[in-house]
Amino acid sequence: MEIKITRKLNPAAKPQDESKLGFGTIFTDHMFLMLWDKAQGWHDAEILPLGNLSIHPSSSVLHYGAEIFEGLKAYRRADGGIQLFRPWENFARFNRSARRMGLPEVDPEFCLEALKKLIALDADWVPHNPGTSLYIRPFMFGDDENLAVHGSGKARFIIILSPVGSYYPEGLAPVKIMIEDEDVRAVRGGTGEAKCGGNYGASVRAGNRAEERGFSQVLWLDGVEQKYIEEVGAMNIMFKINGRIVTPALNGSILPGITRKSILELLRSKGIEAEERRISVDELMEAARTGALEEAWGCGTAAVVSPVGVLAYQGEEYTIGGGKIGTVTQQLYNELTGIQWGELPDPFGWVCKLN
Ligand code: PLP
Ligand code: COI
């Protein structure tokens, strides 16, 4: 399929101070968009100036949450070139999410080509400061003009781009996380392992409560017994307990993070086998009390590797590793970001160079 390109006539000014980018509030000049319906499949692919969408008020996304998304980044290398990190994994997960939500699948290779063309057009928006990147948000929504609940007969796929700094205002300083014991995020057989908007909409109440109490995000427990650790609002979670690295096993209700997978592969390549298993909140709290919990960190595209300095559960607060970033956390941050920004070799073939 050909991609029609319409350039913006008056490109917007780029952010002057890249140290103040934050996350997800500034957007580049262009977006990619294509349409789908049952009769034609995907069609009308185009790159056009970023702008508002026109949408029918009965559109299924507005009523029944027919929406999925992805998150990946483009990184500026020291030589000025631009590269992506494991984009193939994102489009494969996107299609798994599409299947779960009754939305049409995309052609991953075509989407990657479209993304490359879009970034080439907005290349000046990829920031240069250490720790900054261009966040890429592909998403799709069902667009049927029909109030009956059903699989989507029409959909739109869009990619927008946003220059970002760190997700948490704390940067690499440890964040405070509250273990949520009222709301749940997902149950097995539900949509937890899909990256769909509804999962995040349902998480907002608990997130707000955590913020009011001075925490950055919540750590979710399983939705059945509220006994086992699952993941954080926008990242997977890992712990170092008694010298061993452990992380909750993928069980259908956790998002299978690409950063999580990369860290496990990175560790494995050094002969360190992290345990993927059920971790009960009781085990974690006991380890926090006795000091056996040496480190905790979250990992995700937006969050990168984020040390957790404080964990709170049922009114009690535990400081981990003296509230400082631990050695394993720091090393994983250095190695992962080193590969992502092209400062370290990429023996795994994770990097996709654009130029
Ligand atoms: N878990 C949730 C709920 C997320 O939103 C994210 C972010 O995408 C992750 C985990 C980490 O996934 P990834 O490493 O693929 O970005
Ligand atoms: C990402 O890390 O890409 C995410 O999707 C997290 C997001 C919900 C901000």
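In what follows, the structure referred to is the one given above.
Residues numbered from 1 in each chain as written. Chains lettered and ligands numbered in written order. Predicted model: local features only at pLDDT ≥ 70, side-chain atom pairs only at ≥ 80, totals over all residues. Heavy atoms only, no water.

Novice: Any chance you could explain unusual backbone geometry here in plain terms?
Specialist: Peptide bonds are, in most cases, trans, and in most cases residues other than glycine have a negative phi. The phi torsion at Asp44 lies on the positive side, around 50 degrees, for a residue other than glycine. Along the chain, Asp44 falls in strand 3 (residues 41-49). One non-glycine residue, Gln226, lies in positive phi territory at about 50 degrees. Inspection of the secondary structure puts Gln226 in the loop between strand 10 (217-221) and strand 11 (229-232). (Helix = DSSP H or I, 4+ residues; strand = E, 2+ residues; numbered from the N terminus.)

Novice: Where do I start with the packing of helix 6 (residues 258-269) against helix 8 (residues 327-340) in this structure?
Specialist: Pairs of packed helices are described in terms of their axes, by the angle between the two and the distance that separates them. Axis separation between helix 6 and helix 8 bottoms out at 11 Å; the angle between their running directions is 110 degrees. In terms of axis orientation, helix 6 runs roughly perpendicular to helix 8. Of the residues in helix 8, those in contact with Thr259, Ser262, Ile263, Leu266 and Leu267 of helix 6 are Leu332, Glu335, Leu336 and Ile339. Residues that form the contact of helix 6 with helix 8 fall into these classes: six nonpolar, two polar and one charged. (Axes fitted to C-alpha atoms, helices over the stretch in contact; angles between N-to-C directions. Parallel < 35°, antiparallel > 145°, perpendicular 65-115°, else oblique. Contact = heavy atoms within 4.5 Å. Nonpolar A, V, L, I, M, F, W, Y, C, P; charged D, E, K, R; others polar.)

Novice: Hey, could you run me through the pairing of strand 8 (residues 154-164) in this one?
Specialist: The side chains of a regular strand alternate between both faces of the sheet. The element strand 8 is extensively covered by neighbouring structure, given that 10 of its 11 residues are classed as buried. Here strand 2 (residues 30-37) pairs with strand 8 via six bridges, running antiparallel. By the bridge assignment, Trp36 is partnered in strand 8 with Ala155. Of the pairings in the sheet, the one linking strand 7 (residues 133-142) to strand 8 comprises 10 bridges and is antiparallel in character. Paired with Pro138 across the strands is Ile159, a residue of strand 8. (Buried < 20%, exposed > 50% of the residue type's maximum accessible area, 1.4 Å probe, protein only. Pairing = 2+ DSSP bridges.)

Novice: Would you take a moment to explain the packing of helix 2 (residues 87-100) against helix 3 (residues 108-121) for this structure?
Specialist: It is the contact of helix 2 with helix 3, at a shortest axis distance of 10 Å, that shows an interaxial angle of 125 degrees. Between helix 2 and helix 3, the interaxial angle falls into the category oblique. Remark: the crossing between helix 2 and helix 3 carries right-handed chirality. Taking contact as the criterion, the partners of Pro87, Trp88, Phe91 and Asn95 in helix 2 are, on helix 3, Pro108, Cys111, Leu112 and Leu115. (Left-handed = near helix turned anticlockwise from the far one by under 90°.)

Novice: Whenever I open this one, the site of ligand 2 confuses me. Can you help?
Specialist: Taken together, the residues surrounding ligand 2 are Phe23, Phe69, Gly71, Tyr135, Arg137, Tyr167, Lys195, Tyr200, Ala234, Thr301 and Ala302. Tyr135 is positioned with one of its side-chain polar atoms (N or O) 2.6 Å from an oxygen atom of ligand 2. A distance of 2.7 Å separates an oxygen atom of ligand 2 from a polar side-chain atom of Lys195. Using a 2 Å cut-off from the grid points, one finds that ligand 2 occupies the largest pocket. Of the domains in this structure, domain 1 (4-164) and domain 2 (175-340) are the two that each give at least three residues to the shell around ligand 2. (Near = heavy atom within 4 Å. Polar contact = N/O pair within 3.5 Å; in protein donor to acceptor, adjacent residues only side chain to side chain. 1 Å grid on protein atoms, 1.4 Å probe; cavity = no way out; pocket = protein on both sides within 12 Å on 5 of 7 lines; lining within 4 Å. Sits in = over half its atoms within 2 Å of the grid points. Domains from an automatic or database assignment.)

Novice: How should I be thinking about the site of ligand 1 in this particular structure?
Specialist: Near ligand 1 you find 17 residues, and of these Lys195, Tyr200, Glu231, Thr259 and Thr301 are the closest. A distance of 2.5 Å separates a nitrogen atom of ligand 1 from a polar atom in the side chain of Glu231. When isolated, ligand 1 has an accessible area of 380 Å², and the protein chains bury 97% of it. The cavity that encloses ligand 1 is the largest pocket. Taken together, the elements giving at least two residues each to the shell around ligand 1 come down to strand 11, helix 6 and strand 15 (293-300). (Areas by Shrake-Rupley, 256 points an atom, 1.4 Å probe, with all protein chains shown as cover.)

Novice: Help me understand the layout of surface pockets, please; the structure alone is not making it clear to me.
Specialist: If you roll a probe as big as a water molecule over the atoms, it shows you where there is empty space left. The volume enclosed by the largest pocket comes to roughly 730 Å³. If you trace the largest pocket, you find 36 residues lining it, with Tyr167, Tyr200, Gln217, Gly233 and Ala234 closest to the centre. Listed by contribution, the elements that provide at least two residues to the lining of the largest pocket are strand 7, helix 4 (197-201), helix 5 (204-212), strand 10, strand 11, helix 6 and strand 15. Sort the elements by how many residues they give to the lining of the largest pocket and helix 5 lands first, with four residues. Both domain 1 (4-164) and domain 2 (175-340) contribute no fewer than three residues apiece to the lining of the largest pocket. Its boundaries defined by the atoms lining it, the second largest pocket holds a volume of some 340 Å³. Among the elements that make up the lining of the second largest pocket, the one with the highest residue count is strand 16 (residues 304-313) (three residues). Classifying every residue of the lining of the second largest pocket gives 11 nonpolar, nine polar and three charged. Counting contributing residues, the lining of the second largest pocket receives three or more from each of domain 1 (4-164) and domain 2 (175-340). (Points joined across faces, edges and corners; volume = space filled by probe spheres on them.)

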